[in-house]
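# Descriptive structure summary
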Amino acid sequence: MEMEGFAYIRSRRKTNLLMVLINTAVFLVVTALSGGVPDTEQMLSCGAMYPPYVIENGEYYRLFTSMFLHFGWQHLFYNMLLLWFAGDMLEARSGAARYLAIYLAGGVLGNVLSFLVGMDREAVSAGASGAVFAVIGALVWIVVKNRGKAEGIDNRGICMMAVLSLAQGFLDAGVDHFAHLGGFIGGFLLAAALRTPSDARPKDI
């Protein structure tokens, strides 16, 4: 059983697995430093998004660092569960370099939209959801590009996941839905701009 579990983990896409491990490791370190579930002050000191600090202090790095912070186990688990499956599909289809570019740049774009819309708010935000939605947005682009016949991707499942996840974000007042939306749009556009290997193949004339 242990060998089967190890083989399953080894079968996962390496860059996506690395992102899951980094997010989990950061959460464990922050939790250990705070002596429990990190509070708002601890999250701020570790790089969470806070518009007043970005505007007044020029701490733009928070647009990046906040992507690797989570407010609790449930927050982390939900994001990593989505990434575990969606990230593997994207990396298998697009390659490690494109996957990483979409994940990181898409996550930042999600935070940028959240920041621009909420500049007058004083809410502290964090989480990998913008980057995860960038991955989902990229998968939706691949499905659209291939007219619903993208090999290796659960086409209907991905589209349904995108719709339900975006809708859930807008219905839940405690969710940074603009980070979700910005990440999704960013991932969609980045996938179109970077093009997957299959998109780059010459077409018959």
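As a starting point, this report considers the structure included with it. Since we're looking at a predicted model, the values are computed, not measured.

Reading guide: rules and limits
- Residues numbered from 1 in each chain as written.
- Predicted model: local features only at pLDDT ≥ 70, side-chain atom pairs only at ≥ 80, totals over all residues.
- Heavy atoms only, no water.
- Helix = DSSP H or I, 4+ residues; strand = E, 2+ residues; numbered from the N terminus.
- Buried < 20%, exposed > 50% of the residue type's maximum accessible area, 1.4 Å probe, protein only.
- Contact = heavy atoms within 4.5 Å.
- Areas by Shrake-Rupley, 256 points an atom, 1.4 Å probe, with all protein chains shown as cover.
- Phe/Tyr/Trp six-rings, centres within 6.5 Å; stacked < 30°, edge-to-face > 60°.
- Core = buried A, V, L, I, M, F, W, Y, C linked by side-chain atoms within 4.5 Å.
- Salt bridge = Lys/Arg side-chain N within 4 Å of Asp/Glu carboxyl O.
- Axes fitted to C-alpha atoms, helices over the stretch in contact; angles between N-to-C directions.
- Parallel < 35°, antiparallel > 145°, perpendicular 65-115°, else oblique.
- Left-handed = near helix turned anticlockwise from the far one by under 90°.
- Nonpolar A, V, L, I, M, F, W, Y, C, P; charged D, E, K, R; others polar.
- Expected span 1.5 Å × (residues − 1).
- Polar contact = N/O pair within 3.5 Å; in protein donor to acceptor, adjacent residues only side chain to side chain.

## Considerations on the overall build of the protein
Looking only at helices and strands, one finds eleven helices and zero strands in the protein. For the protein, the N- to C-terminal ordering of α and β elements is α-α-α-α-α-α-α-α-α-α-α. Looking at the protein as a whole, 46% of its 205 residues are labelled buried. Taking as baseline every contact in the protein between residues at least 6 positions apart, the subset at least 24 positions apart corresponds to 76%. By element, 65% of the accessible surface of the protein is carried by carbon and sulfur atoms, the whole surface being about 11000 Å².

## Quick notes on the packing of aromatic side chains
Under the counting rule described, the total for this entry stands at five aromatic pairs. Aromatic side chains F27 and W73 sit 4.7 Å apart centroid to centroid with 70° between the ring planes, which places their arrangement in the edge-to-face category. Placement of the pair is F27 in helix α2 (residues 14–34) and W73 in helix α6 (residues 73–94), with a sequence separation of 46 residues. Residue classification places F27 among the buried residues on the basis of a relative accessible area of 3%.

## Considerations on the environment of G118
Relative to the elements of secondary structure, G118 occurs in the loop between α7 (96–117) and α8 (129–145). Of the residues examined, G118 reaches a relative accessible area of 0% and is grouped as buried. Residues G118 and Y50, 68 residues apart in the sequence, show an inter-C-alpha distance of 9.5 Å.

## Quick word on the nonpolar core
As a rule of thumb, nonpolar side chains are buried together in soluble globular proteins. Grouped together as the largest cluster of nonpolar side chains are 32 residues, with contacts concentrated most on L83, L90, Y99, Y103, V135 and I136. When contributions to this core are tallied by element, the ones reaching two or more residues are α2, α6, α7, α8 and α10 (177–194). Of the residues forming this core, the biggest block, eleven residues, is contributed by α8. If sequence neighbours within four positions are ignored, Y99 has contacts with T15, N16, M19, L83, G87, L90, E91, S94 and V135. V30, A48, L69 and A126 belong to the second-largest nonpolar core, a separate cluster that totals five residues.

## Re the pattern of salt bridges
Inspection of the entire model under this criterion finds one salt bridge. Here R62 ties to E59 by a salt bridge, and the two come within 2.6 Å at their closest N and O atoms.

## Some remarks on the environment of Y99
If you trace the backbone, Y99 turns up in helix α7. According to the relative accessible area criterion, Y99 is buried, its value standing at 0%. Y99 sits 95 residues away from L194 along the chain, and the two C-alpha atoms are 9.9 Å apart.

## Observations concerning the packing of α7 against α8
Two elements in contact, α7 and α8, have axes whose closest approach is 7 Å; the angle formed by their N-to-C orientations is 130°. One element, α7, and the other, α8, form an angle in the oblique class. For the pair α7 and α8, the crossing hand works out as right-handed. Between α7 and α8, the residues in contact are Y99, I102, Y103, G106 and G107 and G130, A131, A134, V135 and A138, respectively. Of the residues in the contact of α7 with α8, the class split is seven nonpolar, three polar and no charged.

## A closer look at α8
Working note: α-helix, 3.6 residues per turn, so residues spaced by three or four point in the same direction. Here α8 spans 24 Å end to end across 17 residues, near enough to the 24 Å set by a 1.5 Å rise per residue. Of all 17 residues in α8, 15 are buried, a share of seventy percent or more. Of the residues trailing α8, R147 is marked for its positive phi of about 55°.

## Here we look at α10
With 18 residues, α10 should cover 26 Å at 1.5 Å per step; its first-to-last C-alpha distance of 25 Å lies within 8% of that length. When we look at burial in α10, the residues that qualify are A179, H180, G182, G183, F184, G186, G187 and A191. R195 sits one or two positions beyond α10 and adopts a positive phi of about 65°.

## Digging into the side chain of H180
Position of H180 relative to the elements: it lies in helix α10. Assessed through its relative accessible area of 6%, H180 is described here as buried. In terms of polar contacts, H180 uses its side chain to reach the side chain of S129, at 3.2 Å.

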